[in-house]
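Structure at a glance
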Amino acid sequence: MSRTLLQRARRAAFASVLERLQKLGCLQNTTRTYASSSKEITVREALNTALYEEMAADPKVFLIGEEVGEYQGAYKISKGLLEKYGPERVIDTPITEAGFTGIAVGAAYKELRPVVEFMTFNFSMQAIDHIINSAAKSNYMSAGQLTVPIVFRGPNGAAAGVGAQHSQCYAAWYGSCPGLKVLSPYSSEDARGLLKAAIRDPDPVVFLENELLYGESFPVSDEVLDSNFVLPIGKAKIERLGKDVTITAYSKMVGYALKAAEILEKDRISAEVINLRSIRPLDRATINESVRKTNRLVTVEEGFPQHGVGAEICASIVEESFEYLDAPVERIAGADIPMPYAANLERLAVPQIEDIVRAAKRTCYRSVP
Amino acid sequence: MSLSHLTRRRTLTTPTLLTPLLTRHLSTSDSLTIETSVPFTSHNIDPPSRSVTTTASELLSFFRTMALMRRAEIAADSLYKAKLIRGFCHLYDGQEAVAVGMESAITRSDSIITAYRDHCIFLARGGTLLETFAELMGRRGGCSRGKGGSMHFYRKEGGFYGGHGIVGAQVPLGCGIAFAQKYLKEESVTFALYGDGAANQGQLFEALNMAALWDLPAILVCENNHYGMGTAEWRAAKSPAYYKRGDYVPGLKVDGMDVLAVKQASKFAKEHVLKNGPIILEMDTYRYHGHSMSDPGSTYRTRDEISGIRQERDPVERVRKLILAHDLATEKELKDVEKEVRKEVDDAIAQAKESPLPDTSELFTNIYVKGLGTEAFGADRKELRAVLP
């Protein structure tokens, strides 16, 4: 009952947003109209259907990782795939990341299209030599003879109470590496479109999901549900238009940034929220264009602050749009500490909505620094 | 080393000494059966026979190819000392029989992957001398257009997947290529080469476990030259019986200085893995040079040891003796082959020297297959940037 009310309320909200956007006269890079859709799917369903469709479309695509087959996926992302495609294409591995990642990269050398699942990206560190040295650099070192159409995917960043060794965000590490593409979806539309694009892409792609987003539902249009739906790699999405401050975020933090924007709206600060979608290539053009309009920037990420994604974005703005800044760039990031377990400490170690709000107000000189 | 148990079938077309080597018509029925220098030692498998069938023309081509490889590596040594080759340069002289014997047992649909001591494998897989020297000197005409260097030679069309600088990484990669061969139902196999140093790598055992679980057509070839850089095998491995280290995976120990033994073992291995999953071949071989050009190779081994091997087990000399013992060519003819090969190498070097350095635009090529119009930057991003197509 309340679900229908919620749907109607959402539709009304979207309709009014659409109206305002049309009045503003700019619909580039904005939310697609969802007025005609009433379907919602979880991020999990989005990833699952994307894998399902891409495996149907290309017999060279196969999934390899721990528990992806008979267990139906540690997080059930690969549910039903073993039954549909069989053990030759959905491969359960022993707990040997270095070995199976190397095997997958070798298979990609021979023109198969592996999708490697890391149970979490923390375990990818055991295989990072293959991701960087065997996959990312091979095209260059071989002057084009060896290309590596591989996707490395799995949950990234903090979950809930999993402690220091299971909570790191790897966006900055992988994002710095030439030869890799690094994507991080937020919504179900992102998850579907970016995963399909990643699997179709001829280069190695690191696909950073988020465990806590798997169960979240998002509305999707018929277009998103089409089996040929892809999103462009390297393009950010403006989730919410604004004019006073730009807030960049990726993955789970996009949701937080959107909530922060709603709170800021009440204080008459209009925040523009950019969902990066792509860590590498980074959509510097969209970010700079936005900051040139708003003159203020808050970067948000879950990962460690030093040498993080926000640091790169800040540098890009300073290099390309220095004169447009009316305030120093603010970075909101995970705390500079290994992730603690206790709930109160964990809460302090990860960005919260109030942190984003506070930082945005600082850029507007509306709060004490 | 005695050359006993030699047999030969006489036919009407048995070549005479008067016929010039290059124009001599060698009948394909002119086959020979030769025994390997030592029998094969095996682990969990019945070894192949010591008797190897070959032909006169095959032996002559073995000689020529190995002499060419020998000459090429020695020339690379000189180029390195003349500072025309920079960085790392790992030479293969002494180990030629492994590259040549393996190649003679397989086709170009089979795949080979190795580590950084890759020049001769590249040549065996159809690479040219010009591409070799140009790549070593970082020129446009190199097999990787100058962007790889000594450790990153590739020839995908010839089934050669490189050329890898991280010790041990090539073994899981090779098992992955074998995985793809099985997935695509290709009836071909992959030889993943590694050294006695790499034999202790964990990822090797991870990959071997999976290869055995999934019956992959992977042949792991340990080129045991007895030294992992400066560390002798007995200092690095509790068990230097590398052919046994696969445990449930069968293994064969092969005299890696005997090209016919390598050929026999490779043929045997290929037949085995197509039906039964992985096998390990340990090639007992030796490198005359140090680990690389920055290693004299004499601080951890004696000069007597090196010269002893050269006297007793040199792979090129062994084939020369076989050819002479069977009257397949005269000493002079073989010397002429060596002169020819030397000239070929010198000509290739001269040509490679003419090849220009890569264009600066190559800085930004092959980063991605699909660049999506993104930007890449030089050291000063305001000075040097490119849009990747």
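Reading guide: rules and limits
Residues numbered from 1 in each chain as written. Chains lettered and ligands numbered in written order. Predicted model: local features only at pLDDT ≥ 70, side-chain atom pairs only at ≥ 80, totals over all residues. Heavy atoms only, no water. Pairing = 2+ DSSP bridges. Helix = DSSP H or I, 4+ residues; strand = E, 2+ residues; numbered from the N terminus. Axes fitted to C-alpha atoms, helices over the stretch in contact; angles between N-to-C directions. Contact = heavy atoms within 4.5 Å. Buried area = accessible area lost by both parts, 1.4 Å probe. Salt bridge = Lys/Arg side-chain N within 4 Å of Asp/Glu carboxyl O. Polar contact = N/O pair within 3.5 Å; in protein donor to acceptor, adjacent residues only side chain to side chain. 1 Å grid on protein atoms, 1.4 Å probe; cavity = no way out; pocket = protein on both sides within 12 Å on 5 of 7 lines; lining within 4 Å. Points joined across faces, edges and corners; volume = space filled by probe spheres on them. Nonpolar A, V, L, I, M, F, W, Y, C, P; charged D, E, K, R; others polar.

Time to look at the sheet that holds strand β6 (residues 190-195) of chain B. All names here are of chain B. Strand order in the open sheet made by the six strands is β3-β10-β11-β7-β6-β5, with mixed pairing throughout. Here the strands that pair on one side only, and so sit at the sheet edges, are β3 (41-43) and β5 (111-113). Across the sheet, the mean angle from the axis of one strand to that of its neighbour is 20 degrees, orientation sign disregarded. Summarising the sheet, β6 and strand β7 (residues 218-224) pair through six bridges and their orientation is parallel. Bridge pairing in β7 links A192 to L220. Against the sheet, helix α5 (residues 170-183) engages β5, β6 and β7, with an angle of about 175 degrees to β6.

Glancing now at the interface of chain A and chain B. With 51 residues of chain A at the interface, the matching set in chain B holds 47 residues. Note on chain A versus chain B: buried area summed over both sides is about 4100 Å², and carbon and sulfur give 63% of it. Among the residues chain A hides against chain B, the three largest losses belong to A:I103, A:K110 and A:Y140. Together they make up 19% of the total. Taking the shortest distance from any N to any O, the salt bridge between B:R381 and A:E312 comes out at 4.0 Å. Between chain A and chain B we count 24 residue pairs in polar contact (both at pLDDT 80 or more) in total. Every element with two or more residues in the side of chain A that touches chain B is listed here: β2 (61-65), β3 (90-92), α4 (97-109), α5 (128-136), α6 (138-141) and α12 (309-320) of chain A.

The calculated volume of the second largest pocket comes to roughly 800 Å³. What lines the second largest pocket is a set of 36 residues, and nearest its centre among them are A:R280, A:L282, A:R284, B:E375 and B:F377. Per-element accounting of the lining of the second largest pocket gives the leading share, four residues, to helix α11 (residues 284-294) of chain A. Split by residue class, the lining of the second largest pocket holds 18 nonpolar, nine polar and nine charged.

Residues and elements named next belong to chain A. In spatial order, the strands read β3-β2-β4-β5-β7-β6-β12; together these seven strands make up an open sheet with mixed pairing. The two strands at the open ends of the sheet, each matched to only one other strand, are β3 and β12 (278-280). For this sheet, the mean inter-axis angle between neighbouring strands, taken without regard to orientation, is 20 degrees. For β2 and β3, the ladder comprises three bridges, and the chain directions are parallel. Bridge pairing in β3 links I64 to I91. Across the sheet, helix α2 (residues 43-57) lies against β2, β3, β4 (113-117), β5 (151-155) and β7 (205-209), angled at about 130 degrees from β2, the strand it touches most.

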